[in-house]
Amino acid sequence: MSFRFFFSTISLCWLGAGLMVSAGALTEALQQAFDPHSPQWLWIQAACLFCLIPGARLYDAVVRPSLKTGGKSLAAVFLGAALAAWVLPFLLYSLAGVKASLIAGCAVLAASGAGLFFFRPPMEAKAASHNADGCISGLCIRVLAFLQGWILAIFCLWFLRYLSPLLGGYLPALWIAVSIACIGLALGAIFFAWKAAERGASPIGPGWAMLLFALCVGGVFAAGDGLAVLAALLRPLGRLGPPGNAVTWIVLSLTIVFLPCVAMGYSLSALPALSPEPKPKITPWTAGGFLGGYLSFYEIFLPHLGTVHSLRTAAALAAALFVILIWREHKNPGRIFALAAAALVAAALFFPGPGALWKHGAPGLGGMDFQGLSKNESVDLTNGLRRGLIWEMETPQGFVGVDIRSGQSIMLNGAPRTNARQEEFSQGMLGLIGPMLHPQARRVLIVGFSNGTASAWASLPSSVKSIDLACDAATVRALANQTGGNPEEILSNPKISLINQEPLAAVHMRTEKYDLIISNPARCSVSGVSRLYTPSYYQAAAQRMNPNALFIQHIRLNSWDARSLSILFGSLSSAFNEVQTWMIDPHNLALVCSQQPIVLDADELAGMIASEPYRSRLAKAWSVTDVEGLLARFIASDKLAVSAGEKALSRNWISTRDLPALEAAFSQAWGRPSGLEINDLFEAAASIKANKPRLSGASLDWEKVHHNRLLAFYLCREQAPELPGLSPLNERKRESYDALLDGDVHFYYSQQERLFRDSPYPADIFSSGMALAEYGSPLALKQANRLDSLWPVGAQICRARYHWKTGELHKPEKDLLDILAALQKDRTAHPLELFSALEHAAQLSKEGKTFAKQILGGLETPFAGMASDESRRKTMLYAALAMDQAKAVPVLKSFEPCVPWDLDFLDNRLACYGFVEDPLQNKAAADLQKFKHWSPKTP
């Protein structure tokens, strides 16, 4: 008997392992073969899940679960699945690949099935003495099994979606979470087998298990964003490499997933033992419930109610099952206790649950980096994340939100935040650089939405006739309805057609030919995004391209390290004959690819730069007015891509559709600084003499090229590194930019301003004009006149600053109101213009109540695109305080309830609320007390 049980248990372990490996590999294969955005995708997955029902019938027929063997057999299956889920990422992404893993999984399933057939345990008689009083009718048992399968499906789908932001969205991390869930199910089944062997089965056991499940879910709702904070605090363990990552992922999975799965494992194992039938057929009903939960989640909850409400429903149903089972077995005292416990669960479920920090704070990606922050600084960070979110929605692809602190920033799965206007410029130039390098481009395909600026700017040249934008069309329409801006412009643009297709499908399944393809996928932490960086994807894209067409791959450099970038270069070089590297800004690259050599005509580029729409957009986004400014963004020719690709090939760093090694590379770099900066690419290109493009026509002034590279960092308000090839003159310019960023206007004016006085670039003219105005030099007006056609708002700011510094107090007031009115209409105003305008407004409001009143009125209307909205409201607060504390109350309330957590704001908040005896003064006093209590004590 022990011999047969031993080998049947081993076979069951292998059965679970085979099921997990087959399911994982099949999911990967289906995502490559079909469009996950299409309506058919749901039913394809449902058809696969339907196979669980006959499999469950076979399980019941062969394994013959009884009172003593049911829990153990189920535990063996789940333990095997847990071990397989732990090693599956290595099989899929590093060792075997998708096809080999699928074949291996099917082979293991066949072998385990044969083992079960030969070594299946004999049928054991039910222990009537244990179960006579605990049996439930067959129909009730089947209903319970179906409902528990439904609850399990909802919980699994919830944690796979909601753990993604905490774990960084990497597939290996999610497989670890699946492994922890299987271990919990197995331990629950083992616990049932142990308890049933001692006391027999009783409906009370599953009832208590359901209560434990509901309480654990209620605990998740009560903890809410606290779990996101825990994820952010654990993230630095990733600096230890893969072991640190694994520890972090395991801790989070144990905290959220483990106990609910233990409860579900116990309950699922107990149901067959409660049946009055000698050979109960319960498992197919559980499988059917799981399938029903999957379908109801995607057809009802996700589109109409959201994932959180689906989990609330599952927990409430679990609590209801607990009450029913206890009510059946106990009299009044037990029933009263059951109702009280259910009420406790209901109270916990009324907590808001996962909020802005969890869904949009990117805790697994450093969006909430608490390292080195004090308690007050941490509160200020989390309050800012909550305060900025004005709208959110949930889609099958993840969470979409809009943050307005620096402008309308569209976030997908908590993408790390940057200045919204700077992000618009980066995305816009991604769309505009293609038509500049390929002026004959007529048909364009853009894969991925981001914030929509790439497609909007790509449609500006008259040569571009049509743009197909492959994205989630429902999300774009929802954004247009809620926020307007770029999404609304895209929907109304006759050149742009939305294609509701996933990026892989847009490239693989379309038959049209294009002159320009721009691949602009989500950030690298979105599950499975590595499939968009494989040779097969790029080869499919090459087949969609006309002769001389360009393919542009956008990457955010902070998501990549040297290994992953080498893999990418190798993939691109396998599909295209030419791969150039361009800098959009210090954090974004555009990899420009073609089958033909890319030769740039300097004279043709100069003509384009001098004409619209290129003239105004280049001046705003890159502060460029000549060919040198444009080619300053060129990093490397094809030599760099070939060299890096050969390095990846020599080390067997190959990412294919079948073996997506990039998925492993992304996850291994989780939590660690990438160690790769834009200067590393400049230096690498210079070392192999790949730092100059093929150029015809006029020669370049390389002093200007290097000057513009320094300017690219200054435009993003970052200090430039020691770039290769800088002359002593450009080294002095680098020091000057650093001085401006540090606020040392005196050094810039006295030592270096003359270096930029005759510069043709708008940012230099603006900085020079502002420095001259600061010291009352009439040359500031000359610089303002030069700016009129490039940065008109910047020109007005220079004049206003000059008038104020020279004592012409009747002019700056009108100047400033004109500036604010212009910013409310100009969606392309540069962040330097916005920052300087608000700084000037804050200083001018101190000149008297008349000025303050005018400034307060001028700032009431938000700037175009909600640009610098938080800074605008803070400037309004300064102006209101300069007038009257009562005037400041409406401005202060615009920051509630998640207020800026700094001493000045909290002091003013308490004083103003106290002055008008506002009901919020008690909360303001308590917050100020907390701030002082958490502040470091000074002697």
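Quick note: structure is the one above.
The model shown is predicted, which means the values in this text are computed figures rather than measured ones.

(A) Representation of the overall build of the protein. Within the protein, the secondary structure is distributed over 42 helices and 13 strands. Put simply, the protein has 939 residues, and 59% of those count as buried. At a minimum sequence separation of 6, the contacts of the protein that also span at least 24 residues come to 76%. Carbon and sulfur atoms make up 60% of the accessible area of the protein, which amounts to about 36,100 Å² in all.

(B) Fine view of the pairing of strand β3 (residues 409–412). Judged by which residues are buried, β3 turns out to be one-sided: Ser409 and Met411 face inward and are buried, whereas Ile410 and Leu412, on the alternate face, are not. Taken together, the four bridges between strand β2 (residues 398–403) and β3 define a ladder with antiparallel strand orientation. Paired with glycine 401 across the strands is methionine 411, a residue of β3. Linking β2 to β3, which pair antiparallel, is a turn of five residues; within it glycine 407 sits at a positive phi near 135°.

(C) Quick peek at helix α16 (residues 375–388). Between the first and last C-alpha of α16 there are 20 Å, a value that for 14 residues agrees with the 20 Å anticipated at 1.5 Å per step. Residues of α16 that are buried include every one of Asn376, Ser378, Val379, Thr382, Asn383, Gly384, Leu385, Arg387 and Gly388, and no others.

(D) Examining the sheet that holds β3 more closely. With antiparallel pairing, the three strands of this open sheet are ordered in space as β1-β2-β3. At either end of the open sheet lies a strand with only one pairing partner, and these are β1 (389–395) and β3. Across the sheet, the mean angle separating the axes of adjacent strands is 15° when strand polarity is ignored.

(E) Representation of the packing of helix α22 (residues 535–543) against helix α23 (residues 562–575) in the model. With their axes 8 Å apart at the nearest point, α22 and α23 run at an angle of 35° to one another. Crossing of α22 over α23 shows right-handed handedness. Taking contact as the criterion, the partners of Pro535, Tyr538, Gln539 and Ala542 in α22 are, on α23, Leu568, Ser571, Leu572, Ser574 and Ala575. Looking at the contact of α22 with α23, its residues break down into six nonpolar, three polar and no charged.

(F) Fine view of the sheet that holds strand β7 (residues 514–519). Read across the sheet, eight strands follow the order β6-β5-β4-β7-β8-β10-β9-β12 without closing on themselves; strand pairing throughout is mixed. Two strands lie at the open edges of the sheet, namely β6 (496–499) and β12 (634–636), each paired on one side alone. Averaged over all adjacent pairs, the angle separating strand axes in this sheet is 20°, with direction ignored. Two strands pair when backbone bridges link them, and strand β8 (residues 545–556) and strand β10 (residues 588–594) are joined in this way by six bridges, in the antiparallel orientation. Following the sheet pairing, isoleucine 555 is matched in β10 by leucine 589. Packed on one face of the sheet, helix α29 (residues 678–687) meets β9 (578–585), β10 and β12 and runs near 60° to β12.

(G) Seen up close, helix α33 (residues 762–774). Under the 1.5 Å per step criterion, the end-to-end length of α33 is 18 Å for 13 residues, consistent within 8% with the ideal 18 Å. Burial runs high along α33: 12 of the 13 residues are buried. The set of residues buried in α33 consists of Pro762, Ala763, Asp764, Ile765, Phe766, Ser767, Ser768, Gly769, Met770, Ala771, Leu772 and Ala773. At the exit of α33 stands glycine 776, carrying a positive phi of roughly 70°.

Here is what the cut-offs are and how they apply
Residues numbered from 1 in each chain as written. Predicted model: local features only at pLDDT ≥ 70, side-chain atom pairs only at ≥ 80, totals over all residues. Heavy atoms only, no water. Helix = DSSP H or I, 4+ residues; strand = E, 2+ residues; numbered from the N terminus. Buried < 20%, exposed > 50% of the residue type's maximum accessible area, 1.4 Å probe, protein only. Contact = heavy atoms within 4.5 Å. Areas by Shrake-Rupley, 256 points an atom, 1.4 Å probe, with all protein chains shown as cover. Pairing = 2+ DSSP bridges. Expected span 1.5 Å × (residues − 1). Axes fitted to C-alpha atoms, helices over the stretch in contact; angles between N-to-C directions. Left-handed = near helix turned anticlockwise from the far one by under 90°. Nonpolar A, V, L, I, M, F, W, Y, C, P; charged D, E, K, R; others polar.

Everything listed here is a matter of geometry and, on its own, says nothing about what the molecule does.
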